Amino acid sequence: MGNELLSEMGTEIIIPVCAVIGIAFSLLQWLLVSFVKLSPDKSSNGKKEPLIEAEEGGNDHSVIIRCADIQNAISEGATSFLFTEYQYVGVFMVAFAILIFLFLGSVEGFSTKSRPCTYDASRMCKPALATAVFSTISFLLGVVTSVVSGFLGMKIATYANARTTLEARKGVGKAFIVAFRSGAVMGFLLAANGLLVLYITINLFKLYYGDDWEGLFESITGYGLGGSSMALFGRVGGGIYTKAADVGADLVGKVERNIPEDDPRNPAVIADNVGDNVGDIAGMGSDLFGSYAESSCAALVVASISSFGISHDFTAMCYPLLISSMGILVCLITTLFATDFFEVRNVKEIQPTLKNQLIISTVMMTFGIAVVSWIALPVTFTIFIFGQQKEVQNWQLFLCVCVGLLAGLLIGFVTEYYTSNAYSPVQDVADACRTGAATNVIFGLALGYKSAIIPIFAIAFSIFVSFSFAAMYGIAVAALGMLSTIATGLAIDAYGPISDNAGGIAEMAGMSHRIRERTDALDAAGNTTAAIGKGFAIGSAALVSLALFGAFVSRAEIEVVDVLTPKVFIGLLVGAMLPYWFSAMTMKSVGSAALKMVEEVRRQFNTIPGLMEGTTKPDYATCVKISTDASIREMIPPGALVMLTPLVVGIFFGVETLSGVLAGALVSGVQIAISASNTGGAWDNAKKYIEAGVSEHARTLGPKGSDAHKAAVIGDTVGDPLKDTSGPSLNILIKLMAVESLVFAPFFATHGGLLFKMF
């Protein structure tokens, strides 16, 4: 035991209780959303339903029925795709789990004898075979938790989209609350489930490992690997699905046929709305769960070889989990500010309300971290890193977490500035549409590159401060600080696709123009919050990857990473190239799938009589099948590239070259991810700026169908795969390669570098 205030028993109670509170709160939000009915209430005895007492007037039950039918079509399409995706990826994951067991078990020749500990040869630790078995189990647990996170997110999103549409009849405030509550369901379920499963896994593994913290947390890293492996395929597969449908629907529908977005005559419209749920919701949920799992695992691994592990100090060891527990409570109170304490009354209040969620959660979390640091940490403790000891005080670790938290907030604000149409960068991009698509593309690319400057400085500053205070443990908890408000971040992130779907349902159900204006206002704010969410994910990925990189270097017993050594430098070059190779594969996959979608949509418009007149329904199912088949087929090569690269490099070139690959991929991938995500977000909102026509400047560029608007649609179409496929997937690339290298580090250190051993 250390000299902290919180006892081990208190820790054992607080963490699961906070997780259960998070789950209970999410279920409460789901219950409140369910009060909006999607079927006419036949028991009302002629009384007008509260739902229909809308500004538009009228008790039109047929509108509810149409909305319910559209919602069912979207939900069935999304569920069908995810089941198909999980079946294919499941086979890959089982095969990879077998690889983990075989590679790690062979480190000591599948011996069951205890071995000297890596960091303290005077102590005996559990055999390598135990690490192989438990790493495999934790990997599969991470996969399953990631699948559940994505699937539940998709279910609540498809449950809430039509309800948001119907509430928009009462006003924008009512619709906002339904969309935001639904996002909160996903946010709290994911944060609480991730924490609870990780905590239970640690306690079950502890029954075998006892005081062998080093072996326990080395096995736990498999949890992060499983989460990110599933997230990679979810992001890439979902991204290809949604963007193939989106590009096909926009190019033919809006540019060629001059029909509105989400017009029911467009054959790709259902596939487009399904894509929002499988890409932006399920893929994003798995992605942020992976970030949370990896940041927790990185912090736990570094802590296990500190004075916490040596003195068997369970409370201090669980500091990362206590931060996440405090985050759930803080986010719960923060959510009430948007849904209960204050009401959104008009369109102008939407964006500030969402922005205030970030500010309120950050301010409250700062005080929360201070409390956790005070009660859970000894006044001083020792961190062991790169063969050296560093004495750290609890207030220094508190500052490390705060630096990560504030860096995340800064990245969020910068992302908002560069992607929101309320500010000059996006308005300049919209203005460039006057002279056509080419100048729009040029301005958008320049915006994306420029938007990377401040986030990179913020990440660099947080790395320097965190490392100065607490070495690699400081960086790991800084990443955790950035993700400590993950429940709120996910709530405002998931809110966007739900609002987007709500607008699509309003258009397809033939609801009034005023309803569509309200859902468009919700969607425009959602676009910016989605970009902010991607900024958080990328920033945290950089910190997590660096922490995992440090843990890998220590575990592989590399004394120094010298870039002047040819082995390291060639790895650096190859690693910096990988994000470009990966982006090329994902972009081309979207392009190939979109090409087939465009051809199919054109074929239906040209060959189905009465389609443009609205007297005949299009064949939605064929477009859904094109997106499904393309995404399942095309997601395998990029996924294999990321997951096989560390294995190939580690086995054939050794741990020094692999360290160079990881560093190169981190440095290159972060820049590309930020610029790609922000470029795509800016092009999307430049298009919406012209369509909304809320300012004199915007009205001179519009209306819909004008040359400037068509140029903006082309820019938006080019940006779609950047912001929703390649950009978000890159942060998984840099994290996944780092955590995979850490898991396989014992094998690489023992048997790796075959080619160099031959010469």
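Treat the numbers as computed from the prediction; the structure is a model and nothing was measured. (Residues numbered from 1 in each chain as written. Predicted model: local features only at pLDDT ≥ 70, side-chain atom pairs only at ≥ 80, totals over all residues. Heavy atoms only, no water.)

1. Here we look at the overall build of the protein chain
Short version of the rule: Only runs of H or I of at least four residues qualify as helices and only runs of E of at least two qualify as strands under DSSP, and these elements are numbered from the N terminus. To sort residues, take the accessible area from a 1.4 Å probe on protein chains only and compare it with the maximum for the residue type: under 20% means buried, over 50% means exposed, and anything in between is partly exposed. The criterion used for residue contact is that any of the two residues' heavy atoms lie within 4.5 Å. His residues and chain termini do not enter the charge count, which takes Lys and Arg as positive and Asp and Glu as negative. For charged residues, the charge sits on one atom: NZ in Lys, CZ in Arg, CG in Asp, CD in Glu.
From N to C terminus, the protein chain includes 23 helices and four strands. Scored against the burial criterion, the 759 residues of the protein chain give a buried share of 64%. Residue pairs in contact within the protein chain that sit at least 24 positions apart in sequence constitute 84% of those at least 6 positions apart. For the protein chain, the separation between the mean place of its 48 positive charges and that of its 62 negative charges on side chains is 4 Å.

2. A short note on the environment of Ser373
Let me state the cut-off plainly: Under the rule applied, a polar contact is a pair of N or O atoms within 3.5 Å (in protein, one hydrogen donor and one hydrogen acceptor; residues adjacent in sequence only if both atoms are side-chain atoms).
Checked against the element boundaries, Ser373 lands in helix H10 (residues 350-376). Filtering out sequence-adjacent residues up to four positions away, Ser373 remains in contact with Tyr319, Asn394 and Phe398. Among the polar contacts made by the side chain of Ser373, one reaches the side chain of Tyr319 at a distance of 2.7 Å.

3. Some points on helix H18 (residues 620-634)
We count it as follows: The span you would expect from a helix comes to 1.5 Å times its residue count less one.
In this model, H18 (15 residues) spans 21 Å end to end at C-alpha, consistent with the 21 Å of a helix rising 1.5 Å per residue. Looking at where H18 begins, the residue whose side-chain oxygen comes 3.4 Å from the main-chain nitrogen of Ala621 is Asp619.

4. Focus: the packing of aromatic side chains
We count it as follows: Working definition: a ring pair exists when centres of Phe, Tyr or Trp rings (six-membered ring for Trp) sit within 6.5 Å. Plane angles under 30 degrees give stacked, over 60 give edge-to-face, the rest tilted. Geometrically, a charge over a ring is one whose NZ (Lys) or CZ (Arg) sits within 6 Å of the ring centre while staying within 35 degrees of the ring normal.
Enumeration over the complete set of coordinates arrives at 27 aromatic pairs. Here the aromatic residues Phe96, Phe103, Phe139, Phe744, Phe747 and Phe748 are joined through ring pairs into a cluster of three or more. Sitting above the plane of the Tyr208 ring, Lys126 keeps its charged end 4.9 Å from the centroid. Geometry around Phe756 places Lys567 over its ring, the cationic atom sitting 5.0 Å from the centre.

5. Observations regarding the confidence of the model for the protein chain
Put simply, the rule reads: The quantity known as pLDDT measures the predictor's confidence residue by residue, on a range of 0 to 100.
When the pLDDT values of the protein chain are averaged, the result is 88; 96% of them are 70 or greater. Residue range residues 43-59 is modelled with pLDDT below 50. Its contacts to residues more than four positions away, or to other chains, number 34 contacts.

6. Structural notes on a nonpolar patch on the surface
Under the convention used in this document: A patch consists of residues whose relative accessible area exceeds 30% and which take part in no salt bridge; residues with like charges are grouped when within 9 Å of each other, and nonpolar side chains (Val, Leu, Ile, Met, Phe, Trp, Tyr) when within 5 Å. Note on areas: Shrake-Rupley, 1.4 Å probe, and residue coverage restricted to the protein chains presented here. Salt bridges are defined as contacts in which a side-chain nitrogen from Lys or Arg sits within 4 Å of a carboxyl oxygen from Asp or Glu.
Together, Leu644, Val648, Phe652, Leu754, Leu755 and Met758 make up a nonpolar patch on the protein surface, roughly 510 Å² of accessible area in all. Mapped onto the nonpolar patch, the elements with two or more residues apiece are helix H19 (636-653) and helix H23 (754-758). Its location among the elements puts Leu644 in helix H19.

7. A short note on the nonpolar core
Soluble globular proteins tend to bury their nonpolar side chains together. What counts here: Here, nonpolar core means buried Ala, Val, Leu, Ile, Met, Phe, Trp, Tyr and Cys residues that are tied together by side-chain atoms lying within 4.5 Å of each other.
Within the largest apolar cluster, 230 residues are counted, with the highest numbers of intra-cluster contacts made by Phe176, Phe217, Tyr319, Leu321, Ile350, Tyr473 and Phe552. Ranked by residue count, the leading element in this core is helix H4 (residues 172-209), at 22 residues. Leaving out residues up to four positions away in the same chain, Leu321 has contacts with Ile15, Leu195, Leu198, Tyr199, Ile202 and Tyr292.

8. A look at the packing of helix H11 (residues 394-419) against helix H14 (residues 453-482)
To describe two helices that pack against each other, one gives the angle between their axes and the distance between the axes. Note the threshold: In this analysis, axes come from line fits to C-alpha atoms, helices being fitted only over the stretch in contact, and the angle between any two N-to-C directions falls in the range 0 to 180 degrees. Should an angle lie under 35 degrees it is considered roughly parallel, over 145 roughly antiparallel, and from 65 to 115 roughly perpendicular; all remaining angles are considered oblique. Two helices cross in a left-handed way if the nearer one is turned anticlockwise from the farther one by less than a right angle. They cross in a right-handed way if the turn is clockwise. In this count, Pro and Cys sit with the nonpolar residues alongside Ala, Val, Leu, Ile, Met, Phe, Trp and Tyr, while Asp, Glu, Lys and Arg are called charged and the others, Gly among them, polar.
Running from amino to carboxyl end, H11 crosses H14 at an angle of 155°, the nearest separation of the two axes being 8 Å. On the basis of the axis angle, H11 is roughly antiparallel to H14. Crossing angle aside, the handedness with which H11 passes H14 is left-handed. Considering only residue class, the contact of H11 with H14 consists of 22 nonpolar, seven polar and no charged.

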